[in-house]
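# Results of the structural survey
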Amino acid sequence: MNLVLGTRGSQLSLAQTNWVIEELKKKNPDCQFEIKTIKTKGDTDARPLFTIDQKGIFEKEIDKAVSDGQIDFAVHSLKDIPSVLMDNLVLGCVPIREAVNDVLITKDGVSLREVPANAVIGTSSLRRAVQISRIRSDVKVKSIRGNIETRIKKVESGQYDGIVLAQAGINRIGIDVRHYDLPINEFPPSPGQGAIGIVCRSDDTSTQVMLKTIEDQNTRTAIEAERTLSEFVDSGCRFPIGAYGKVEGSMVELNVVAYSIDGKESITVKKSGSALDPHQVGKQAADELRAKGIAKLAANWRKKLEEWNK
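Now for a quick tour of the structure.

Another aspect to go through is the overall build of the protein chain. The secondary structure content of the protein chain amounts to ten helices and 13 strands. For the protein chain, the proportion of its 310 residues judged to be buried stands at 53%. Counting contacts in the protein chain only where the partners sit at least 6 residues apart, residues at least 24 apart contribute 69% of the total. Just so you have it, the protein chain exposes about 14200 Å², and 47% of that area is on carbon and sulfur atoms.

Structure follows, in structure tokens:
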């Protein structure tokens, strides 16, 4: 069985894709895989991510290639996959999740509370920007783009005093860099963070069966709760919500935090339910967020984004 898979050309994307291939080969030794790199809007548009008014900026072109039959499946960072896919596509596999937490990278590996006043901290994420400001209102949070290695070099050169990244990214590409693990209770991750999602065609049964050989059910259950939440409240790059699901025995627990634009207000929700129905847990969390006033927070975010876009 010869298959062509698509991914972005970044070092992290290729590292994730090669990891997927190695795992698939262990279970499917007769399969051969060819990687096709595809540029996305997120790769070619250098503006800060929160100013780009488009969903799926890191996956749309790749998934279209799957939909059109140019490639057999696509490997993504799961947090980049929209809640709703093209009609003929499915989330065919969710392998075991990497670390979900964020890390702070500085020259000396200090914690966020130890960085000097007026330090410049880089991130491409509005969620992380607000979380940083809630803890250290005296530092300057500045937008940063580029691959992981480029961002780290900007710390080493002194352009930034620190940057905040996902732990999973530095783990996957094997970078040995001094960092401080940011606690999940203060920095709840974006839905799907640390997980890989593999998208294929809904009518391609043989590929789906092959991909399922590396599925991790606990990861799938947790991220299904997170993605259902995202779908109901329309979160993502432009309206940051921290959400982390975890499976304990026969139950799945979902912890969610939404923030005001200045970080002074937040809404916290914790829901649990049967691991057999993670979508219901995600929906219940979304309903409680609505009841607690998430619409007001969302309106303030939209107003600020309109100002940034101008």
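Another aspect to go through is the pairing of strand β13 (residues 266-274). Strand direction decides the pairing type here: strand β12 (residues 251-259) and β13, joined by nine bridges, are antiparallel. Bridging from a neighbouring strand, tyrosine 259 pairs with serine 266 of β13.

So, on to the packing of helix α8 (residues 217-233) against helix α9 (residues 278-291). Between two packed helices, the angle of one axis relative to the other and the distance separating the axes together describe the packing. Orientation of α8 relative to α9, taken along the N-to-C sense of each, is 35°, at an axis distance of 7 Å. Here α8 runs over α9; the crossing is right-handed. Facing α8, whose interface residues are Thr221, Glu224, Ala225, Thr228, Leu229, Phe232 and Val233, α9 presents Pro278, His279, Gly282, Lys283, Ala285, Ala286, Leu289 and Arg290. For the contact of α8 with α9, the residue count by class is eight nonpolar, four polar and three charged.

Before going further, it helps to spend a moment on the environment of aspartate 108. Tracing the sequence through the fold places aspartate 108 in the loop between β5 (102-106) and β6 (120-123). The class for aspartate 108 is partly exposed, based on a relative accessible area of 44%. Of the polar contacts made by the side chain of aspartate 108, one reaches the side chain of threonine 106; its length is 3.2 Å.

Glancing now at the nonpolar core. Counting 19 residues, the largest nonpolar core has Leu229, Val233, Ile241, Leu254, Val256, Leu289 and Ile294 as its most contacted members. In this structure, Val20, Phe33, Val75 and Leu211 belong to the second largest nonpolar core, which totals 16 residues.

Right, let's get into α8. Relative to the 24 Å expected for 17 residues at 1.5 Å per residue, α8 spans 25 Å between its end C-alpha atoms, a close match to the ideal helical length. In terms of burial, α8 is a largely internal element, 13 of the 17 residues being buried.

Definitions and limits used
- The written sequence of each chain sets the order in which its residues are numbered from 1.
- Only residues with pLDDT of at least 70 get local features here, since the model is predicted, and only at 80 or more are side-chain atom pairs given and counted; chain-wide, interface and lining totals rely on the full set of residues.
- Excluding hydrogens and water, the side-chain figures rest on all heavy atoms present in the structure.
- Each helix is a run of DSSP H or I of at least 4 residues and each strand a run of E of at least 2, with the numbering of both proceeding from the N terminus.
- The classification of residues rests on relative accessible area computed with a 1.4 Å probe and restricted to protein chains. Under 20% of the type maximum is buried, over 50% is exposed, and intermediate values are partly exposed.
- Residues are treated as being in contact if the distance between any of their heavy atoms lies within 4.5 Å.
- Each accessible area is a Shrake-Rupley estimate made with a 1.4 Å probe; only the visible protein chains count as cover when residues are assessed.
- Two strands are said to pair when DSSP picks up at least two bridges between them.
- Here an angle of 0 to 180 degrees is reported between the N-to-C directions of two axes, which are lines fitted to C-alpha atoms, with helices fitted over the stretch in contact.
- Take the far helix as your reference; a near helix turned counterclockwise from it by less than a right angle gives a left-handed crossing, and one turned clockwise gives a right-handed crossing.
- Throughout this entry, Asp, Glu, Lys and Arg are counted as charged residues, while Ala, Val, Leu, Ile, Met, Phe, Trp, Tyr, Cys and Pro are counted as nonpolar. The remaining residues, Gly among them, count as polar.
- Two N or O atoms count as a polar contact when they lie within 3.5 Å, although within protein this holds only if one can serve as hydrogen donor and the other as acceptor, and sequence-adjacent residues are included solely when both atoms are side-chain atoms.
- Working definition of a nonpolar core: buried Ala, Val, Leu, Ile, Met, Phe, Trp, Tyr and Cys residues. They are joined through side-chain atoms within 4.5 Å.
- Take the residue count of a helix, subtract one, and multiply by 1.5 Å to get its expected span.

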